[in-house]
Each structure stands twice: as C-alpha cells, then as structure tokens.
Amino acid sequence: MDTLLVLPILIPLATAALTLIAARALRIQRALSFAGMASLLITGVVILLHVDEHGIAVAQAGGWAAPYGITLVADRLSALLVTAAGVVGLATTVFTGFSLDRRRERASFYPLLNVLLMGVCGSFLTGDLFNLYVCFEVMLMASFVLLTLGGTRAQLEGGLKYLILNLVSSAIFLTAGGLLYRAVGTLNMADIAEQVAAYPDTGLMDTLAMLFLVAFGLKAAMFPFFFWLPASYHTPPPVVSAVFAGLLSKVGVYALLRTFTMMFTGHLAFTHTVLAVLACATMIAGVLGAVAQMEIRRILSFQIVSSIGFLILGLALMSKIALAGAVFYLLHNIVVKTNLFFLAGVIEKLRGHGDLRRLGGLWRERPVLSVLFLVSALSLAGIPPLSGFWAKLVLLRAGLEGEWYWAIGIAVVVALLTLYSMTKIWALAFWKDAPPNEFAFTGRERDVREKSARRAMLPVVALTVVTVAIGFLAGPIFEMALATAEQLLDPSQYVTAVLGGVS
Amino acid sequence: MSIEHFAAWVVMPLLATALLLAFARVFTGPGLPDRVVALDFVGSLLVAMIGAAGVMTGSAVLLDVALILALVSFLATVAFARYMESRRQS
Amino acid sequence: MNQSSIVLGTAVRLMLPVLLVYSLFLLQRGHHAPGGGFVGGLVAAAAFSLVALSDGPGRARRILRVQPLRLMGLGLLVAAGSGVVGLIWGDAFLQGIWPKWAYLPVIGKIGTPFTFDVGVFMVVLGFALEVFFTLLEDE
C-alpha cells in the first residue's frame, strides 16, 4: 500500500534524475520519459482500482504516524487526477518528441517536465498542508523554467508576470498556513478538518478561509486574479502551454476543492456564496476575453479561465450532484484542453503562427486535422453527445435543484459565448478561404514541418479518442464522479482513514 | 561587565550604527563601485554581528553561519568586480 | 577571458581544498547539528564558483570532472534511492534505516538519512554550478 502511494511521486522523480544523467542522448531521454509517464499512468489506474475497492488509502512516509509524519492520502478524487496527470504526461512526452525544436528539447525539457509532474502528483496525493506548499513550489520552479525555455522576449515577459503572481500566491499561502497552524496547532489536513470544526472563533476561520481562497484562487486563475494566465500561457511552445493548460491551473482547483469541502465547511452560507459570485465573475471574464481575442492560443487561454469558473461553481453549489459535475468537468477539461493546445501547436507548425486573421483554408487542405479539432472544440463548447455536454448538463441540473437561478443563467450565457468563440476559430482558421497573400513555407522547410505535423497527430488522435470515450462512457464515469462527490461531502471518511479514528 | 554584556551593549550598537551608515552609502552611491564596496562592507558587518550574537548567546554554531556568510559575500564581491571589469572593457 | 588577478588565483588555489573539506564537514554534521546537505552543497558550489571566477568556467568544469546536470541527476537518484531503502527494508518510504555494520571511522554511523543528505548535497552543488557556469559562459 505504502509503495503504491509513493510511486506517483517516485516515478517522475527517478525519471527526472535519469533524464538528467542522460543529458546528451535525446533518444534515451525520450524513451525514459515515455516509460516513466506510462508507468505513472498505470500506477494511477492501479491506485484508482484499489481506492474504488478498498476505500481511501493512506501511507505515512518516514514511518511517523499522522498527524506528525508526512501523510500521503489517495481518495477517489486524488486517484482520478493522478490518472489524468498520467494521460496528459504521456501525450505530452510523445507530442514533444514530434514537435519541439531540438534546441529547446535538449535544454533539459524532459527533466523539467518530469519534475513538474512530480509536483502535480504530489499535490494531488499529499495529506499535509505544508507538503502541498512544497509541491506548489516544485511545480512553480519547473513551470517557470519551462515557460521561459528558449528565452524569447515574449516568453520572458509572460514568465515574469507568471512568476510574480505565483510568488504572491505562495506568500499568501504560507501566511495563511502559518496563521492556521498557530490557531489549531497542526498542518495535517485531516487533523485541521477536525480542529477547525471545533474552533470557537468562527470569524478567524472565515478570514483564514478567505486567505486560502486568494492563495489558491491565484494559482487557479480565478477572478479577479486571472489576468496572469492569458498573459503568459500563449508565449511558450505549444506543448508547454498544453501541459500547463491541462494540469497546472487544475491543481489550484484541486486545492480549492480540498480546502472547501474538507477544512472550511462550518460557514457555508458565507464561504460558498463568495465562491459562487467569484465563479460567475471568472466565467464571464474568461469568456469575454476569449470572444475578443484573435489568436488561437490566446482564445484557448481565456477559455481556461472560464472553465475554471465552471469548476468553482460546482464547488460553490456544494451538493452531491454539483460536486460530481465538477469532478466530471475537471476530467473532461484536462483532456480536452490539452488536446486543443496540441491542435493549436499543429496549426502553428503548419502555418508558422496562430493568428486567425491570417489563417484560412485548413478545412480544404487538412480534413483530418479539421475533424479532430471539431470534436474537441464541440466537446469543450458542450455539444451532445461529447463529454463537455454531460459535464455542463450535470452542473446546470445541480444549479436548478439548488435554486441558484442567477448562477445558472450566467452559466448558460457563458456556455453559448464559449460556443461562439470556438465557432470563430472554426470559421476563420478552417472554413474561410486562405487569405490571398498568405505566407506559405516552401521547399525543404515545408517538408520538414509537414512531416513533424503528421507525426504530432498521433497524441492528438489518442486524446481525441479519450475525449469521445468520456462522452460515450458518460454513464459509468458519472457513477464514479458521484462516488467521488460522496467522499468529498463526507470528510469524516478521510479523517478516519488518516487518523485511524483515534483522536 | 561580562563579555556577553559587552557584546550586547557596546559591540552590537556600534555595528548597527556602522550598518546604517553603510546602507546610506549603498543608497546614495553615487557610482556603482561605491555601492559595491558598501555592499561588501555590509556583508562584513553582518559577519561581525553574527559573531557578536554568537558571543551573546554562547553558541559556537553561529560562528559557522558567520563563516559561510563571509564566504558568500566574498564571492558576491568578486563576481561584482568581474562584472564591472568586463563592462569597462566593452 | 581576461587575464585574472594573481592574488585571487593564488588565494583560490589555497582555499579550494579547505572549502571542500569544510563543505564535507557540514554535510557530515548535518544529522544532529546545524549543517547538512544543502549548506554543504552551497559551500562546495561557492568553492567551485571561485575557481570559475579566477580561472574561467572551463577550468572549474575540468576540476569538477562531472557535468553539473549529471551531478543533479545522480543526486536525485541517491536521495530517492535512500527513500526506497526505507520502503523495502523498513515500514515506510523515507524511513530512517541505520544498519549496524555501516560504521566508518571519523564519520560515524551511516544510515539512509545520511545518504539522503549526500543526495541533497549533490543536487544543490549541481544546480548552483549549472546556473553559475551558464551565466559566466553567456558573457
């Protein structure tokens, strides 16, 4: 059991170490990273099956009992997300090999990617607030270098905004953690959940909840702290944007889910109303940005923000079905967002840029690419029977049941605008004829790019299959999401699993 | 007056005053070399203060801290000197 | 690379072995007293950085013999491996294992917390030097 929970952290760590040692040999690095990500995926699935069967799994690293030691916990949510991280990591490794320029690929790309995955999986599995902070920092370091790898001017500019905002978030997180520790004397999340519930001064706890909301909201790109994300995510190579879009902002959402379903649940009328208002503002801000932009990856970046809003709305509604919807949406969004950024990468590979005004004619030239894009785009926009539809449907139903009509109204409008922004990409890049004076690659350069784009379609096809599968297997996956939501709504399961019922 | 008191009431205030003056030099400049020398001086003062703190608390471990700080501030000064040299040449 | 100062060069040649021994001392003392892999690695990195400043990064790389990035990788492996030892022969990941036979004169008992620190030492040394050398060579 212990072994199983340590593996999602240990595998990327070992892979990062081995790829660092094999710094000169690119092929070996690729093979190592591929093997590492594949085993991570398998581990994720095994943990998921184990948790599904035997309930929440706990490991105490270092051999010290909770709440003193380093606790690793896997409930359904963690297991699902580790699996999703494995999927994204694997697809990213393959896509990198086929699409990234050699100079960047050589410059420690694979070690960084693996360290990033280690931080992500660590955040999903840790049962300790301070270790969550450590994992955040690990992710921040790796992601900052990935973001600026290659060092173009735009990258450095975006990277600086990213770094500063994330450092602010870390500082607030650390402050909040310190204050919480002073108040309740523990950093173990299960222990915190118990102590906070029993703490007499609810005003202090509400304040701390808001501090954590700001810290994690910054990471997740929630309104009003979202502007750093669209300002930085479109600057690095597409493969980096893809893994950031798929995993990084989702870690913030995961932290919010944990915090506000387990630790701060004493004053729902206050905390979750704040969450709902911010969620709606996030959705609106994101989708309006997406509508206004004219570059594929900028549009997609703003859509990340609006989908974060959807996720937090699910959390704010705080009913079983709403949380299930949020979990479902999270899984769907991780896969689809990664895939859309891959597709943007392929387009940029073919045309050299992603500016909608200068693109066109892709439908005539590349029907397969167009169909793949259409599947992901419609899925994100929520067209049945694709995965996004079910996710949004469930969230809307939860809203109606909870009688949050104004939030539902906003969500519907935002969904329509998302569809509009997707249609814009479709109409301008695929449907309309290529502009007459469009710059085209010729000769050898063209051949190289064509070949690389063709190969890069492999992970795109794989992720599209996953997307379609999520859509068609919506029933069983939703069952899983419901079970996950049940676990989230009953934190005593988690607490008992970690502290063993003695406290 | 014991040595601990001497460190606390004589050495520390003197060092603190020197630190303030050194910082004033860092801010006023006027040139980069002045600032670098002032920063190096700040480093030396910090080393001395940690040493004095070691005397005050009677913990020898602080001397190691002082040693490492001295090393790092020396490294920083050398790096600065090199940077200025290369800038002057170009 | 401009000609270096004789004073600096001579001082560094004298200081390098002392600093390296000091860094190892810090590493060894780390388990029960202030010190440890992180500080030790930093001191060692400072020693090599001084060489790089006085005689150029090329010379520092030759003295180090191992590539900094590779050193980082090895360090990560050593640290992770020390954790796994606890997993296999103990009860939990990262559990401290102190085998009875593992005893060296001067250094003392050797256990997985110590080897973990050695890993940290290597990672810090490798990371700091990679950054420093790259900056110097960029000039």
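Procedures and definitions
Sequence positions are assigned chain by chain, starting from 1 and proceeding in written order. Each chain gets a letter, beginning with A, and each ligand a number, beginning with 1, in the order they are written. This being a predicted model, a pLDDT of at least 70 is required before a residue's local features are given, and a value of 80 or more before pairs of side-chain atoms are given or counted; all residues contribute to the totals for chains, interfaces and linings. Helix numbers and strand numbers start at the N terminus; a helix is a DSSP run of H or I with at least 4 residues, a strand a run of E with at least 2. Whether a residue is buried, exposed or partly exposed is read from the other C-beta atoms within 10 Å of its own C-beta, which are placed from the backbone; 20 or more gives buried, 12 or fewer gives exposed, and intermediate counts give partly exposed. Defined on buried residues, the nonpolar core groups Ala, Val, Leu, Ile, Met, Phe, Trp, Tyr and Cys residues joined through C-beta atoms within 7 Å. UniProt positions are given in the numbering used here, feature names are shortened, and annotations may be inferred rather than shown by experiment. On a scale of 0 to 100, pLDDT captures the predictor's confidence in every residue. To estimate the expected span of a helix, subtract one from its residue number and multiply by 1.5 Å. Working definition for bend: take the seven residues up to and ending at a residue and the seven starting at it, fit an axis to each, and measure the angle between the axes. Our contact criterion uses C-beta atoms placed from the backbone: two residues qualify when those atoms are within 7 Å. Every axis in this analysis is a line fitted to C-alpha atoms, fitted for helices over the stretch in contact. Angles between the N-to-C directions lie between 0 and 180 degrees. Working rule for angles: under 35 degrees goes down as roughly parallel, over 145 as roughly antiparallel, 65 to 115 as roughly perpendicular, anything else as oblique. Ten residue types, Ala, Val, Leu, Ile, Met, Phe, Trp, Tyr, Cys and Pro, are classed as nonpolar, four, Asp, Glu, Lys and Arg, as charged, and the remainder, Gly among them, as polar. Each crossing gets its hand from how the near helix is turned against the far one by less than a right angle, where anticlockwise is left-handed and clockwise is right-handed.

**Thoughts on the overall build of chain C**
Item 1. Counting secondary structure elements, chain C contains five helices and two strands.
Item 2. Reading chain C from its N end, one meets helices and strands in the order α-α-α-α-β-β-α.
Item 3. When the 139 residues of chain C are sorted by exposure, 46% land in the buried category.

**Comments concerning the nonpolar core**
Item 1. Counting residues in each nonpolar core, the largest one holds 247 residues, and the members touching the most others are Ile312(A), Leu313(A), Leu315(A) and Val327(A).
Item 2. Of all the elements, helix α14 (residues 320-351) of chain A adds the most residues to this core, at 21 residues.

**Here's the deal with the UniProt feature "transmembrane region" (unreviewed entry) in chain C**
All names here are of chain C.
Item 1. If you check UniProt for "transmembrane region" (unreviewed entry), the listed places come out as residues 7-27, 33-53, 74-98 and 118-136 in our numbering.
Item 2. The span residues 7-27 is 100% helix and 0% strand, and its two end C-alpha atoms sit 29 Å from each other.
Item 3. Helix makes up 64% of residues 74-98 and strand 0%, with an end-to-end C-alpha separation of 22 Å.

**As for the UniProt feature "domain: Na+/H+ antiporter MnhB subunit-related protein" (unreviewed entry) in chain C**
Item 1. UniProt records the feature "domain: Na+/H+ antiporter MnhB subunit-related protein" (unreviewed entry) at residues 8-128 of chain C, using the numbering of this structure.
Item 2. With 73% helix and 3% strand, the stretch residues 8-128 of chain C has end C-alpha atoms that lie 21 Å from each other.

**Things to note about the confidence of the model for chain C**
Item 1. For chain C, per-residue confidence averages 85 on the pLDDT scale, and residues scoring 70 or more make up 96% of the total.
Item 2. Within chain C, strand β2 (residues 108-109) of chain C has the poorest average pLDDT of any element, 74, and helix α2 (residues 37-55) of chain C the best, 90.

**Regarding helix α19 (residues 443-472) of chain A**
Residue and element names in this part refer to chain A.
Item 1. Given a rise of 1.5 Å per residue, 30 residues ought to cover 44 Å, and the 43 Å separating the end C-alpha atoms of α19 matches this to within 8%.
Item 2. Roughly 30 degrees is the biggest bend found in α19, and it falls at leucine 458, with proline proline 459 one to four residues downstream.
Item 3. Within the sequence span of α19, burial applies to Ala453, Ala456, Pro459, Val460, Leu463, Thr464, Val466, Thr467, Ile470 and Gly471.
Item 4. For α19, the elements touching its buried residues are α3 (76-99), α14, α16 (367-381), α17 (387-401) and α20 (474-489).

**A look at the packing of helix α2 (residues 32-57) of chain B against helix α3 (residues 61-89) of chain B**
Residues and elements named next belong to chain B.
Item 1. One way to put it is that α2 packs onto α3 with a least axis distance of 9 Å and a crossing angle of 175 degrees. Between α2 and α3, the interaxial angle falls into the category roughly antiparallel. Here α2 contributes Leu32, Pro33, Val36, Asp40, Gly43, Leu46, Val47, Ile50, Gly51, Ala53, Gly54 and Thr57 to the contact with α3, which in turn contributes Leu62, Leu63, Val65, Ala66, Leu69, Ala70, Ser73, Thr77, Phe80 and Met84.

**Here's the deal with the interface of chain B and chain C**
Item 1. At the junction of the two partners, chain B supplies twelve residues and chain C supplies eleven residues.
Item 2. A per-class count over the side of chain B that touches chain C returns seven nonpolar, two polar and three charged.

**Looking at the arrangement of the chains**
Item 1. With two pairs of chains in contact overall, the contact-richest pair is chains A and C.
Item 2. In this assembly chain A lies apart from chain B, the nearest approach of their C-alpha atoms being 22 Å.

**Quick look at the packing of helix α1 (residues 6-29) of chain C against α2(C)**
All names here are of chain C.
Item 1. Packing of α1 against α2 brings their axes to within 8 Å, and their N-to-C directions diverge by 170 degrees. Taken together, α1 and α2 sit at an angle that is classed as roughly antiparallel. Judged by the sense of rotation from one axis to the other, the crossing of α1 with α2 is left-handed. Across the interface between the two elements, Leu8, Gly9, Val12, Met15, Leu16, Leu19, Leu20, Tyr22, Ser23, Leu24, Leu26 and Leu27 of α1 pack against Gly37, Val39, Gly40, Val43, Ala44, Ala46, Ala47, Leu50, Val51, Ser54 and Asp55 of α2.
Item 2. Residues of the contact of α1 with α2, tallied by class, amount to 17 nonpolar, five polar and one charged.

**Details of the UniProt feature "domain: NADH:quinone oxidoreductase/Mrp antiporter transmembrane" (unreviewed entry) in chain A**
Item 1. The sites that UniProt annotates as "domain: NADH:quinone oxidoreductase/Mrp antiporter transmembrane" (unreviewed entry) are residues 127-418 of chain A.
Item 2. What you have in residues 127-418 of chain A is 82% helix and 0% strand, and the ends, taken at the C-alpha atoms, are 36 Å apart.

**With respect to the pairing of strand β1 (residues 57-61) of chain A**
Item 1. Taken across its five residues, β1(A) has five buried, putting it largely inside the fold.
Item 2. The two faces of β1(A) match: Ala57(A), Ala59(A) and Ala61(A) on one face and Val58(A) and Gln60(A) on the other face are all buried.

**Comments concerning α16(A)**
Residue and element names in this part refer to chain A.
Item 1. Look at α16: 21 Å from first C-alpha to last across 15 residues, which is about the 21 Å you get at 1.5 Å a residue.
Item 2. Turning to α16, its buried residues number three or more, namely Leu369, Leu372, Phe373, Val375, Ser376, Ala377, Leu378, Ser379, Leu380 and Ala381.
Item 3. On its buried side, α16 packs onto α13 (296-317), α14, α15 (362-365), α17, α18 (405-431) and α19.
Item 4. Of the residues flanking the end of α16, it is glycine 382, one or two places downstream, whose phi is positive at about 90 degrees.

**A few points about unusual backbone geometry**
Across residues other than glycine, the phi torsion is negative in most instances, and most of the peptide bonds are trans.
Residues and elements named next belong to chain A.
Item 1. Backbone torsion omega between phenylalanine 223 and proline 224 reads 0 degrees, so that peptide bond is classified as cis.
Item 2. Within the element layout of this structure, proline 224 appears in the loop between α9 (202-220) and α10 (228-232).
Item 3. Residues other than glycine seldom take positive phi values, yet alanine 221 does so here, at roughly 65 degrees.
Item 4. Turning to its location among the elements, alanine 221 is positioned in the loop between α9 and α10.
Item 5. For alanine 221, a count of 28 C-beta atoms within 10 Å gives the class buried.
Item 6. Positioned with a positive phi, glutamate 403 is a non-glycine residue whose angle comes to about 60 degrees.
Item 7. With respect to the element layout, glutamate 403 can be found in the loop between α17 and α18.

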